[in-house]
Structures are given as C-alpha cells and as structure tokens.
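Each chain, letter by letter, is given below.
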Amino acid sequence: MSDKGDKAYGYFTQGYNCSQAVAMAFSEELGLDKEKIARIAGGFGGGMGRMREVCGTFSGIVMVLSQLYGYSDPNDNETKKDLYEKVRALAERFKQDNGSIICRELLGLDKAEKSATPEPRTSEYYKKRPCPELCRYAADILNEFIIENPPK
C-alpha cells in the first residue's frame, strides 16, 4: 500500500469519479494541478461516461502512463510501442488481480448502463461497490510500477 492508494481512495470518497481519483493522486508526478486533472479525467468515470466499459480506474492508470512515458511525435514508433507495452502489462496485472478491466464486469452487471445520471454517493452506494478499493488498488500498482520503471 502507498500514500497514492490512500489519496485515490480519499478523492473517490469525496465525490470524484474513479478515473479522476486515480489520476489526481499523481498530480505532482504529472506536473498538473488537481483541478486540471479532474477536468481531463472527468468523462472517463463509470467506464467512460457511465457506459460501464473500460474501468475508470484503469483509464486513470493509462492517463498517468501516457503523461509520464508517452510521446508527442506521431512518428516515434519506439516510444509508442514502449508505452503500449506498459499499458498492456498493467492491464494484465489488473485483470489477474480483479478478473477484468471492464467496469460492468467488475460491478457484476449483465449489461451496459442506460442512464448517464450518476447515483447519489450514500453509505449504501459505497457498501455495494468495489470502486473505492479499486481506486486504491489502481493507484498502488501504478505507483509500484513507476518506482520500478522511473520515467526518463
């Protein structure tokens, strides 16, 4: 466990979505303020706009990886390949530990969500969802990965 996991858990329980919570835990490493990260990551919550597709915690991981290890030159195929390998490695670990990177599967839902309206954050909401712990988990494995693979 790391302070990054605790931060991500805390952001989620403050009302930020899963993607925001994970990415915001790395604001110092990203060189971005939390408000900017919250805006960038906002649409990725709930499995992208609450469609229950790719888990927002994993989308947060990908955002951080992209900023720390990414590329801006569209012809930099070596850096692109390296980034994709990192994303795939963390996706595999996430799947091994949690069974999936798909939001609806992690929530035990049979189909995609029809409504874009977020549910109120109540104590019952937190009891029935793995999301706060997935925020903690995602930030912890990402932090471990960054320590083991320092950005250049």
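Residues numbered from 1 in each chain as written. Predicted model: local features only at pLDDT ≥ 70, side-chain atom pairs only at ≥ 80, totals over all residues. Heavy atoms only, no water.

Caption draft 1: The arrangement of the pattern of salt bridges in detail. In the structure shown here, the tally under the stated rule is 13 salt bridges. Between D82 and K86 there is a salt bridge, with the nearest N and O atoms lying 2.8 Å from each other. One end of the pair, D82, and the other, K86, are both in helix α6 (residues 77–98), 4 residues apart, so they sit about a helical turn from each other. The salt bridge involving E119 is made with R129; its shortest N-O contact spans 2.9 Å. Of this pair, E119 sits in the loop between α7 (103–107) and α8 (123–127) while R129 sits in the loop between α8 and α9 (131–148), placing them 10 residues apart in sequence. (Salt bridge = Lys/Arg side-chain N within 4 Å of Asp/Glu carboxyl O. Helix = DSSP H or I, 4+ residues; strand = E, 2+ residues; numbered from the N terminus.)

Caption draft 2: Representation of the nonpolar core in the model. One finds I61, L65 and F94 to be the most contacted residues of the largest nonpolar core, which totals 40 residues. Broken down by secondary-structure element, the contributors of at least two residues to this core are α1 (3–14), α2 (18–24), α4 (34–41), α5 (56–69), α6, α7 and α9. Per-element accounting of this core gives the leading share, 10 residues, to α9. In this structure F94 touches C55, T57, F58, I61, G99, S100, I101, L106, L134, Y137, A138 and I141, once residues within four positions along its chain are discounted. (Core = buried A, V, L, I, M, F, W, Y, C linked by side-chain atoms within 4.5 Å. Buried < 20%, exposed > 50% of the residue type's maximum accessible area, 1.4 Å probe, protein only. Contact = heavy atoms within 4.5 Å.)

Caption draft 3: Local environment of the side chain of N17. Of note, N17 is situated in the loop between α1 and α2. A distance of 2.9 Å separates a polar atom in the side chain of N17 from the backbone nitrogen of S19. For N17, the residues in contact, after removing those within four places along its chain, are F12, A41, G42, G45 and R121. (Polar contact = N/O pair within 3.5 Å; in protein donor to acceptor, adjacent residues only side chain to side chain.)

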